[in-house]
Amino acid sequence: MHAKTMEGLAGASMNMKMMNTPFRVYEQAERRGDTATMARAMGYVGETADKAEDYQKKIEKGMKEEAKEAQEKAKSEQENAIRKRKEERGEQEKRIAESKNKNTDTVSISEKGKAVAGERSDSVQAGTDSGASVEETADVIMAEPVIYTKTGEAARPESGTNISVSA
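Draft legend 1. Main features of the overall build of the chain. On a plain count of helices and strands, the chain comes out with four helices and two strands. Shown N-terminal to C-terminal, the secondary structure of the chain runs as helices and strands in the order α-α-α-α-β-β. Looking at the chain residue by residue over its 167 residues, the buried ones come to 13%.

Draft legend 2. Summary view of the packing of aromatic side chains. Under the definition given, this model contains one aromatic pair. Here Phe23 and Tyr26 contribute two aromatic rings whose centre-to-centre distance is 6.1 Å and whose plane-to-plane angle is 25 degrees, an arrangement assigned as stacked. Here Phe23 and its partner Tyr26 are both found in helix H1 (residues 3-32), three residues apart, which amounts to about one turn of the helix. For Phe23, a relative accessible area of 36% gives the class partly exposed.

Draft legend 3. Representation of the environment of Met1 within the structure. Mapped onto the secondary structure, Met1 falls in the segment before H1. Linking Met1 and Gly62, residues 61 residues apart in sequence, is a C-alpha distance of 8.9 Å. Every residue in contact with Met1, bar those within four places of it in the chain, is listed here: Met6, Leu9 and Glu66.

Draft legend 4. Examining the packing of H1 against helix H2 (residues 35-101) more closely. Remark: H1 packs on H2, axes separated minimally by 8 Å, with the N-to-C direction vectors making an angle of 165 degrees. The angle between H1 and H2 places the two elements in the roughly antiparallel class. For H1 against H2, the interelement crossing comes out left-handed. Considering only residue class, the contact of H1 with H2 consists of 20 nonpolar, seven polar and nine charged.

Draft legend 5. View of a negative patch on the surface. Together, Glu47, Asp50, Glu53 and Asp54 make up a region of like negative charge exposed at the surface. In this fold, Asp54 is placed in helix H2.

Draft legend 6. Local environment of the pattern of salt bridges. A full pass over the atoms with the stated rule returns four salt bridges. As a salt-bridge pair, Arg32 and Asp34 come within 4.0 Å of each other at their nearest N and O atoms. Overall, the relative accessible area of 56% leaves Arg32 in the exposed class.

Draft legend 7. Representation of H2. In a regular helix each residue adds 1.5 Å, so 67 residues correspond to 99 Å; H2 covers 98 Å between its end C-alpha atoms and thus fits that length. Burial in H2 covers these residues: Thr37, Met38, Ala41, Val45, Thr48, Ala52, Ile59 and Gly62. Where the residues of H2 are buried, they touch H1.

Draft legend 8. Summary view of the environment of Ala12. Following the sequence through the fold, Ala12 ends up in helix H1. Judged by its relative accessible area of 11%, Ala12 falls in the buried class. A C-alpha to C-alpha distance of 8.8 Å links Ala12 and Ala49, two positions 37 residues apart in sequence. Among residues more than four places away in sequence, those in contact with Ala12 are Ala52, Tyr55 and Ile59.

About the thresholds
- Residues numbered from 1 in each chain as written.
- Predicted model: local features only at pLDDT ≥ 70, side-chain atom pairs only at ≥ 80, totals over all residues.
- Heavy atoms only, no water.
- Helix = DSSP H or I, 4+ residues; strand = E, 2+ residues; numbered from the N terminus.
- Buried < 20%, exposed > 50% of the residue type's maximum accessible area, 1.4 Å probe, protein only.
- Phe/Tyr/Trp six-rings, centres within 6.5 Å; stacked < 30°, edge-to-face > 60°.
- Contact = heavy atoms within 4.5 Å.
- Axes fitted to C-alpha atoms, helices over the stretch in contact; angles between N-to-C directions.
- Parallel < 35°, antiparallel > 145°, perpendicular 65-115°, else oblique.
- Left-handed = near helix turned anticlockwise from the far one by under 90°.
- Nonpolar A, V, L, I, M, F, W, Y, C, P; charged D, E, K, R; others polar.
- Patch = residues over 30% accessible without salt bridge, like charges linked within 9 Å, V, L, I, M, F, W, Y side chains within 5 Å.
- Areas by Shrake-Rupley, 256 points an atom, 1.4 Å probe, with all protein chains shown as cover.
- Salt bridge = Lys/Arg side-chain N within 4 Å of Asp/Glu carboxyl O.
- Lys, Arg positive; Asp, Glu negative; His and termini not counted.
- Charge placed at Lys NZ, Arg CZ, Asp CG, Glu CD.
- Expected span 1.5 Å × (residues − 1).

Now the structure itself:
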């Protein structure tokens, strides 16, 4: 809450409470028929009412300022969010461009491998066994490992070399 709004609320509240005292004096003077005291008391009531109105104006002014500040804050937060999204989009576009520019490896599946993979997917989909025997598919799967060079040529490992991987 804005300071001017708080000050206005407190001041208006106090002046409304203070207005009760001269008004009570006015009522007592009216019962007695004392017109001079009634006029004086009504003057005090008017003064405190005017002060309460002044504080009401402060409240309105403070609320306008508070609304303006809130609007500016919301606008700056929105601009920051837009800027962050643009930065993130730019970074994402950079990453996409970098990944397109990098030398990437490609995988080629031989016709024999495609046939085995196709038979497996067909048998899994149909729920039946393919016509290939277990030995034939095991031969394809258990074939000697092949290492590919950067040019894409298959290089057979030297005989007598043992490759072991420990995890």
